[in-house]
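# Analysis of the macromolecular model
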Amino acid sequence: MTPKERMAIAPQAMPEQDPSVRARNMNEVALGYTAEMAMTEAKRCLQCPTKPCMKGCPVAINIPGFLAKASEGDFEGALKIIRETSLLPAVCGRVCPQEKQCQKFCTMGKALGDIDKAVAIGRIERFCADLARGQTAGDISASAVRATSTGKRVAVIGTGPASITCAADCARAGHDVTMFEALHKAGGVLVYGIPEFRLPKAIVQSEIDSLKALGVKIELNFVVGRTRKIKDFLEKDGFDAVFIGTGAGLPKFMNIEGENLVGVFGANEYLTRANLMKAYDENSNDTPCWRGKRVAVLGGGNVAMDASRMALRLGAEKVYLIYRRSEAEMPARKEEVHHAKEEGVEFLTLQNAKRILGNDNGSVTGLECLKYELGEPDASGRRSPVAIKGSEFVLAVDTVVVAVGNASNPLIPSTTEGLETDDRGHIIVNPETNMTSIQGVFAGGDIVLGAATVILAMGEGRRAAQGINRYLAG
Amino acid sequence: MNKILEKKQLSETVFGMTIEAPLIANERKAGQFIILMVDEDAGERIPLTIADADKERGTISLIFQAVGATTIKLSKMNVGDSLPAVLGPLGKPTDIRGENGEKPGHVVCVGGGIGVAPLHSIAQTLKAAGNRVTIIIGARSKNLFILEEEMRKIADDDLILVTDDGSSGRKGLVTEPLKEFCESGNVDEVIAIGPPVMMKFCSLTTKPFNIKTVVSLNTIMIDGTGMCGGCRISVGGETKFVCVDGPEFDGHLVDWDLMIRRSGAYKAQETTAREHACNLFRGMK
């Protein structure tokens, strides 16, 4: 095919549940490509010799390579290429912010002058992974070739994306790996944070099952630092190396008046109740569910999108998403923003919460907001919002969900002597090996990076596993 | 798995259980708590204070009142059954007077209802650290007292019982003898554990005397590791998480009304869930 012919192929839209229907159910929103759609979309790839898309991928997947296979209908071959560098394509195809990574650099998108017309790399990746999952177990097991046992033992703390990747890579190198999870289900943010309608729990479970099939042991209900200390792992329990992948689980709040009223939630709590504890299904679950009628969500990231869309699914009649910058600065995936709008979330950008109003019973009755305008670019390069004096107004709401990010959870650093952190509480690591200030103790993911993405955490877990494998070999 | 090794009924609705949990027993200090589930698929996560622990046997003991869906289901479990999830020990241990450089002194421990359970191990540790320990325990009525004998062993003659109806000990409220002790001028510290209203009024009682008053809070929690923020309260104008910053706080600084309201956030749903749990066990012994 000539480039001209490829450019003439229409971008394949993702089949989705109808917005008015899906806003009231928990099922996955995006239904996935058919084989024909995946092939057609893959044919749009211009196979640029410079492979610009690859430099946007945090784990440098050979994108033109797998797209070439997919365009021929060789999805197995495509997946094999993806798996050379990525461990969880079914997850990443769904949750990666592709428009800021691979698709941002896609020549097709540039040539057509619209990033939304870039080759839908993530959707094809997802199709390949889903097709294989229908036939075999999860991504991990399919790519698992286990080396002979080394007799070395590795403790992996946390079961989120960084830990899953690290555990898989260490197990494949022949080490005896045990993962430790504080909650009663494994998967970390993939199970407590990201909702079913965006990432079905069955996908996460199949990856966890694959880890177990690789010989990885998982200890649930075990909070390292309290149940047992890292020092004990190394000195008493016979572990040769430890990986800390505990994530960024410490919710930030706005520190505004009224934030502790009844009806104000951190997004972590709001989503954990609905996702992990399945509180939305009251007839068969004991965890109580808060069903707000008029909900304000504060923030502009993926978590804010998840919370606002969850609010609709919990029966809200009106959901406002309040973000102090403009939509162009929103850190959320473009597709999530688009989905939230389609489902009826009302976006109030360049506005911010000033205080939360309550009644005599201490319950939320409203949110006082201020309007903003964009000023000079700040340190992050984004134009910083400036409050407009006297622009206060009140929204009548009964629920406020604060989704303004997470700081690093201090539990491990505060219970592990000699573990160095920076002034924001992130664990300091050697950038090549991911080893911390303690010999044999490695760290990666959000606890090192600050709140980031699944794919970045995965990349960190992979680098740390290489560090561990080298450390244990040497 | 955390097997139930012993179970006893302490009053009409209060139960004690000894549970196999060697790692928790090994690390646990007075004042810490656990989070448990009775059903890992459909259950909720609730915090319970560890009443006692035995490192040798590898067990912890819990004392709980069957008041909500989970505690009712727990009360129906028996010796030999296992709890699918027990997480801990969580929270900061009690700061025991006399153990951290300060001189031992006279500590008045006030317990109400189920709060007597966590208070027991704290009182024991305080005594061991060389403090004079006075114990005031209150209940609505005589048959609702728990751990009376155990407390008497610690406090000897310094045990004061108070009931609402006068069926045992003094008739009235725990704040009355507490105030008398404060007036006597020889109290160095007060520890109050019980229903939030009791802790609030104990704190108000000691405030004019400027006597350090420690309270232990039992708020709604999910993960118990600082991740969800559901347990947050206001202490001295600052937001604190009970699960990681507590469970013990300076009673004079806690915003009690806010804490009590937040604890009642799910009252309606809790009633439905409790009725559901009760119906489930209707007719069972």
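Residues numbered from 1 in each chain as written. Chains lettered and ligands numbered in written order. Predicted model: local features only at pLDDT ≥ 70, side-chain atom pairs only at ≥ 80, totals over all residues. Heavy atoms only, no water.

### A short note on the overall build of chain A
In terms of helices and strands, chain A carries 20 helices and 16 strands. Radius of gyration (C-alpha) of chain A: 23 Å, near the 23 Å computed for a compact globule of 474 residues. Taking the principal axes of the C-alpha coordinates as reference, chain A spans close to 65 × 65 × 50 Å. Residues classed as buried in chain A amount to 59% of the 474 residues present. Computed over 57 positive and 56 negative side-chain charges, the inter-centroid distance for chain A is 2 Å. (Helix = DSSP H or I, 4+ residues; strand = E, 2+ residues; numbered from the N terminus. Rg over C-alpha atoms; globule rule 2.2 N^0.38 Å. Buried < 20%, exposed > 50% of the residue type's maximum accessible area, 1.4 Å probe, protein only. Lys, Arg positive; Asp, Glu negative; His and termini not counted. Charge placed at Lys NZ, Arg CZ, Asp CG, Glu CD.)

### Some thoughts on empty space enclosed by the protein
Inspection of every chain in the model, using the stated rule, returns five cavities of 30 Å³ or more. When its volume is computed, the largest cavity comes out at roughly 140 Å³. Contributing to the lining of the largest cavity are 16 residues, with I220, G230, R262, A265 and Y266 of chain B lying nearest its centre. Counting only elements with at least two residues in the lining of the largest cavity, the list comes to β6 (264-266) and α15 (267-274) of chain A together with β14 (232-235) and α8 (256-263) of chain B. (1 Å grid on protein atoms, 1.4 Å probe; cavity = no way out; pocket = protein on both sides within 12 Å on 5 of 7 lines; lining within 4 Å. Points joined across faces, edges and corners; volume = space filled by probe spheres on them.)

### Section: the interface of chain B and chain A
Tallying the contact residues gives 43 residues for chain B and 44 residues for chain A. Of the roughly 3,600 Å² buried between chain B and chain A, counting both surfaces, carbon and sulfur atoms make up 54%. Its largest share of buried area at the contact with chain A, chain B owes to M227, R232 and Y266 of chain B, together 19% of the area lost on that side. In this structure, the connection of chain B to chain A is made through two salt bridges. Put simply, E27 of chain B and K229 of chain A hold a salt bridge, and the shortest N to O gap is 3.5 Å. (Contact = heavy atoms within 4.5 Å. Buried area = accessible area lost by both parts, 1.4 Å probe. Salt bridge = Lys/Arg side-chain N within 4 Å of Asp/Glu carboxyl O.)

### Considering the domain arrangement of chain A
All names here are of chain A. The domain architecture assigned to chain A consists of domain 1 (3-135), domain 2 (147-249 + 408-472) and domain 3 (251-405). Using only C-alpha atoms to locate each centre, domain 2 and domain 3 end up separated by 31 Å. Regarding the contact of domain 2 and domain 3, the summed buried area is about 1,100 Å², with carbon and sulfur atoms giving 59% of it. Per-residue buried area on domain 2 facing domain 3 is highest for Y192, F197 and R198; these three make up 52% of the total on that side. Counting the contacts that link domain 2 with domain 3 gives two salt bridges. Measuring nitrogen to oxygen at the nearest pair gives 2.8 Å for the salt bridge that ties D306 to R198. For the pair domain 2 and domain 3, the interface holds three residue pairs in polar contact (both at pLDDT 80 or more). Residues that form the side of domain 2 that touches domain 3 fall into these classes: six nonpolar, three polar and four charged. (Domains from an automatic or database assignment. Polar contact = N/O pair within 3.5 Å; in protein donor to acceptor, adjacent residues only side chain to side chain. Nonpolar A, V, L, I, M, F, W, Y, C, P; charged D, E, K, R; others polar.)

### Focus: the nonpolar core
In a soluble, globular protein the nonpolar side chains are often hidden away together inside. Of all hydrophobic cores here, the largest spans 83 residues; its most connected members are I63, F66, L67, I124, V216 and I468 of chain A. The biggest single contributor to this core is helix α20 (residues 454-473) of chain A, with eight residues. Not counting residues up to four positions away in its chain, the partners in contact with L67 of chain A are A42, C45, Q47, V119, I121 and I124 of chain A. Core analysis: the next-biggest nonpolar cluster, separate from the first, contains 55 residues, V264 and C369 of chain A together with V242 and V254 of chain B among them. (Core = buried A, V, L, I, M, F, W, Y, C linked by side-chain atoms within 4.5 Å.)

### Digging into the environment of K179 of chain B
Residue and element names in this part refer to chain B. Examined against the element boundaries, K179 turns out to sit in helix α5 (residues 175-184). Overall, the relative accessible area of 41% leaves K179 in the partly exposed class. The contact partners of K179, leaving out residues within four places of it in the chain, are T205 and F209.

### Overview of the confidence of the model for chain B
Per-chain confidence: chain B averages 92 in pLDDT, with 96% of residues scoring 70 or above. Overall fold confidence for the complex sits at a pTM of 0.93, while the interface term, ipTM, reaches 0.91. (pLDDT = per-residue confidence, 0-100.)

### Considerations on α15 of chain A
Among the eight residues that make up α15 of chain A, eight are buried, leaving the element largely enclosed by the rest of the structure. Taken together, the buried positions of α15 of chain A are occupied by A267, N268, E269, Y270, L271, T272, R273 and A274 of chain A.

### A word on the sheet that holds strand β11 (residues 170-171) of chain B
Residue and element names in this part refer to chain B. Across the sheet, which stays open at both edges, the seven strands sit in the order β11-β10-β9-β8-β12-β13-β16 with mixed pairing between neighbours. The sheet is open, and its two borders are formed by β11 and β16 (248-250), each paired with just one other strand. When strand β8 (residues 106-112) meets strand β9 (residues 132-139), the two strands line up parallel, connected through seven bridges. If you follow C109 over to β9, its bridge partner there is I135. The sheet strands contacting helix α3 (residues 116-128) are β8, β9, β12 (189-193) and β16, and the helix crosses β8 at an angle near 165°. (Pairing = 2+ DSSP bridges. Axes fitted to C-alpha atoms, helices over the stretch in contact; angles between N-to-C directions.)

### As for the side chain of D169 of chain A
All names here are of chain A. Inspection of the secondary structure puts D169 in helix α11 (residues 161-172). By relative accessible area, D169 is classed as buried at 12%. A distance of 2.8 Å separates the side chain of D169 from the side chain of R462, its partner in a polar contact. If near-sequence neighbours (up to four positions away) are discounted, D169 is found in contact with R462, A465 and N469.

### Quick look at the environment of T49 of chain B
All names here are of chain B. When you line up the elements, T49 lands in strand β4 (residues 46-54). Once the C-alpha coordinates of T49 and G264 are considered, the two residues, 215 residues apart in sequence, prove to be 19 Å apart. Excluding anything up to four places from it in sequence, T49 contacts Q32, F33, L62 and P118.

### Overview of the domain arrangement of chain B
Residues and elements named next belong to chain B. Along its sequence, chain B is organised into domain 1 (2-90) and domain 2 (106-265). Computed from C-alpha coordinates alone, the two centres of domain 1 and domain 2 are separated by 21 Å. Each partner contributes residues to the interface: domain 1 has 19 residues there, and domain 2 has 22 residues. Taking both partners together, domain 1 and domain 2 bury about 1,500 Å²; carbon and sulfur atoms supply 64% of that area.

### Regarding the packing of helix α3 (residues 35-43) of chain A against helix α5 (residues 63-71) of chain A
Residues and elements named next belong to chain A. One way to put it is that α3 packs onto α5 with a least axis distance of 8 Å and a crossing angle of 130°. On the basis of the axis angle, α3 is oblique to α5. Read as a crossing pair, α3 and α5 show a hand that is left-handed. For the pair α3 and α5, contact is made by M39, A42 and K43 and by L67, A70 and S71, respectively. Class assignment of the residues belonging to the contact of α3 with α5 gives a composition of four nonpolar, one polar and one charged. (Parallel < 35°, antiparallel > 145°, perpendicular 65-115°, else oblique. Left-handed = near helix turned anticlockwise from the far one by under 90°.)

### A word on the packing of aromatic side chains
Each pair of aromatic rings is reported with the distance of its centres and the angle of its planes. In the structure shown here, the tally under the stated rule is twelve aromatic pairs over all chains. What links up through ring pairs into an aromatic cluster is the set F180, F222, F233 and F239 of chain A. (Phe/Tyr/Trp six-rings, centres within 6.5 Å; stacked < 30°, edge-to-face > 60°.)

### Quick look at the state of the cysteines
Residues and elements named next belong to chain A. Under the definition given, this model contains zero disulfides over all chains. Here C106 is not disulfide-linked; the sulfur of C53 is the nearest cysteine sulfur, at 6.8 Å. By relative accessible area, C106 is classed as buried at 9%. (Disulfide = S-S within 2.5 Å.)

### Comments concerning the pattern of salt bridges
Residue and element names in this part refer to chain A. In this structure the tally under the stated criterion is 47 salt bridges over all chains. R22 serves as the salt-bridge partner of E342, at 2.6 Å between the closest nitrogen and oxygen. One end of the pair, E342, is in helix α17 (residues 334-343); the other, R22, is in helix α2 (residues 19-22), and 320 residues separate them in sequence. Assessed through its relative accessible area of 0%, R22 is described here as buried. A salt bridge links D169 to R462, with the shortest nitrogen-to-oxygen separation between them at 2.8 Å. Here D169, found in helix α11, pairs with R462, found in helix α20; they are 293 residues apart in sequence, far enough to count as distant.

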